[in-house]
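# Breakdown of the fold
Read off the chains here:
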Amino acid sequence: LYFFLGAAILVLALTIVNVAGLTLSRSVRRAPEFALRGALGGGTGAIAGQLAIEAALIAVPGCVLGALLAANAVGVVTQMMPSDFLIRGRHIVVDYRAMVMCAAVVVITMAGLALAPLSVARRAEGGVAMASGLRASGLKSAGRARERLLIAQIALTVVLLTVGALFLKSSVAESRIPLGFDPS
């Protein structure tokens, strides 16, 4: 079971890196908007509030939809398997502690991804971003951050594929081991 936990954590990390890359690209594209808001008197706190609300509008429905999908998937899977497949029969439920943990991960990720564009917004508060579209000041550091996210994404993908291939190879090798008795 630890293998599946590790695989789930790797998939979660890969998803977070993907969303972080999309968020970073969106924040660089919105730098002139942040600069205009700053020039009109909107401070970093107002921009942070707006980014947090936008992130919550994406993350909360996604979390609720994922929880509903998990609950329904467990019900479908338990109906499809034979009643004598497990020792406890078909009594499988979604653990509320796992759901709370997933909700906590969503909240932490949402907060991190909502506040990440603030570095772009802070740079955009000067007048430089409005005049040049953030070409000179923020694009280099945003480009480096995107490169780091891309490297992390590729590394996580390679690790996930390698671990999956090793698990498949181990499963095939294990299925060929004689049981030591005649099952029929």
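Use the structure listed above.
Before going into details, it helps to say that this report is about the structure given with it. (Residues numbered from 1 in each chain as written. Predicted model: local features only at pLDDT ≥ 70, side-chain atom pairs only at ≥ 80, totals over all residues. Heavy atoms only, no water.)

## Looking at the environment of Gln50
Here is the rule we go by: The helix count covers DSSP runs of H or I at least four residues long, the strand count covers runs of E at least two residues long, and both are numbered beginning at the N terminus.
Among the secondary structure elements, Gln50 is positioned in helix 3 (residues 44-80). For the pair Gln50 and Ala114, spaced 64 residues apart in the sequence, the C-alpha separation amounts to 8.9 Å.

## Examining the packing of helix 1 (residues 2-29) against helix 2 (residues 31-39)
As a reminder of what qualifies: For helices, the fitted axis covers only the stretch in contact; all axes are lines through C-alpha atoms, and the angles between them, taken along N-to-C directions, range from 0 to 180 degrees. Any angle from 65 to 115 degrees is called roughly perpendicular, while one under 35 is roughly parallel, one over 145 is roughly antiparallel, and all others are oblique. Note on contacts: a residue pair qualifies if any of its non-hydrogen atoms lie within 4.5 Å across the two residues. In this classification, the charged set is Asp, Glu, Lys and Arg, the nonpolar set is Ala, Val, Leu, Ile, Met, Phe, Trp, Tyr, Cys and Pro, and all remaining amino acids, among them Gly, are polar.
At a minimum axis separation of 4 Å, helix 1 and helix 2 run at an interaxial angle of 55°. Our classification of the angle between helix 1 and helix 2 gives oblique. Touching Ser27, Val28 and Arg29 of helix 1 are Ala31, Pro32 and Phe34, all from helix 2. Classifying every residue of the contact of helix 1 with helix 2 gives 4 nonpolar, 1 polar and 1 charged.

## Some thoughts on the pattern of salt bridges
Cut-off, in case you're wondering: Here, a salt bridge means any Lys or Arg side-chain nitrogen found within 4 Å of an Asp or Glu carboxyl oxygen. Each residue's exposure class comes from its accessible area (1.4 Å probe, protein chains only) as a fraction of the maximum for that residue type: buried when under 20%, exposed when over 50%, partly exposed otherwise.
Counted by the stated rule, this structure contains 4 salt bridges. Between Glu33 and Arg30 there is a salt bridge whose closest N-O contact spans 3.0 Å. When its relative accessible area of 14% is taken as the criterion, Arg30 is described as buried. One salt bridge in this structure joins Glu33 and Arg37, with 3.1 Å as the shortest N-O distance. You can see Glu33 and its partner Arg37 sitting in helix 2, 4 residues apart, about one turn around the helix. Classification of Arg37 as partly exposed rests on a relative accessible area of 37%. When salt bridges with common partners are traced through the structure, they connect Arg30, Glu33, Arg37 and Glu54 into a single cluster.

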